[in-house]
Amino acid sequence: QVQLVESGGGSVQAGGSLRLSCAASGPTYLRDSMAWFRQAPGNEGEGVAVVASDGATGYADSVKGRFTISQDNAKNTLYLQMHSLRPEDSAMYCCAAGPRAYGVDLSRRGFRYWGQGTQVNVSS
């Protein structure tokens, strides 16, 4: 079984930075693709960034150039470095993992495991 625990959320002013972490445990083959999703109240959730099983990364247009997804070498921790934060980035950020075969597609397809989330609040 895969477990995912996020940390690093908080409150920042617009223009600030945060780094989110997702500690992953369980069989590596069940979490060879990982991603960050976010959901704000009243909005549909969206995929923010994904790292595919081959290491390729993909980003939502809204965060390209500002956010970077990465993993440690052992793939036990997933990161999301966020710069130039905007109020519209405020949301609950969750990490997801799965034995996925959809490359850098940012849909929820193939993501079996989800963390509880960490809240990010960006004030103007």
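In this text, all values refer to a predicted model and were calculated from it rather than measured experimentally.

(A) The packing of aromatic side chains, seen in detail. Following the criterion strictly, the structure yields three aromatic pairs and no others. An angle of 80 degrees between the planes, with centres 5.6 Å apart, marks the rings of Phe37 and Phe111 as edge-to-face. Taken together, the positions of Phe37 in strand S4 (residues 33–39) and Phe111 in the loop between strand S9 (91–98) and strand S10 (113–114) put the pair 74 residues apart, joining distant regions of the chain. For the pair Phe37 and Phe111, a shared accessibility class is recorded, and that class is buried.

(B) Representation of the sheet that holds strand S3 (residues 18–25) in the model. Ordered by their spatial adjacency, four strands build an open sheet running S1-S3-S8-S7, and the pairing between neighbours is antiparallel. Either end of the sheet is taken by a strand with one partner, and the two such strands are strand S1 (3–7) and strand S7 (67–71). Each strand axis lies, on average, 15 degrees off the axis of its neighbour in the sheet, ignoring direction. The sheet contact formed by S1 and S3 spans five bridges and is antiparallel. Residue pairing across strands places Val5 opposite Ala23, the latter belonging to S3.

(C) Expanded view of the state of the cysteines. Summed over the entire model, instances satisfying the criterion amount to one disulfide. Through a disulfide, Cys22 is tied to Cys95; the S-S separation comes to 1.9 Å. Here Cys22, found in strand S3, pairs with Cys95, found in strand S9; they are 73 residues apart in sequence, far enough to count as distant. Neither residue differs from the other here; Cys22 and Cys95 are each classed as buried. In this structure Cys94 is a free cysteine whose sulfur lies 7.7 Å from that of Cys95, the closest cysteine sulfur available. Judged by relative accessible area, Cys94 falls into the buried class, the value being 16%.

(D) Seen up close, the nonpolar core. One finds Leu4, Trp36, Leu80, Met82 and Tyr93 to be the most contacted residues of the largest nonpolar core, which totals 29 residues. For this core, the secondary-structure elements that each account for two or more residues are S3, S4, strand S5 (46–51), S7, strand S8 (77–82), S9 and strand S11 (118–123). Setting aside anything within four residues of it in sequence, one finds Leu4 in contact with Cys22, Ala23, Ala24, Met34, Cys95, Ala96, Ala97, Tyr113, Trp114, Gly115 and Gln116. The next biggest cluster of nonpolar side chains, apart from the first, holds five residues, and it includes Ala35, Val50, Ala96 and Phe111.

Calculation criteria
Residues numbered from 1 in each chain as written. Predicted model: local features only at pLDDT ≥ 70, side-chain atom pairs only at ≥ 80, totals over all residues. Heavy atoms only, no water. Phe/Tyr/Trp six-rings, centres within 6.5 Å; stacked < 30°, edge-to-face > 60°. Helix = DSSP H or I, 4+ residues; strand = E, 2+ residues; numbered from the N terminus. Buried < 20%, exposed > 50% of the residue type's maximum accessible area, 1.4 Å probe, protein only. Pairing = 2+ DSSP bridges. Axes fitted to C-alpha atoms, helices over the stretch in contact; angles between N-to-C directions. Disulfide = S-S within 2.5 Å. Core = buried A, V, L, I, M, F, W, Y, C linked by side-chain atoms within 4.5 Å. Contact = heavy atoms within 4.5 Å.

The values reported here are purely geometric and, on their own, carry no functional implication.
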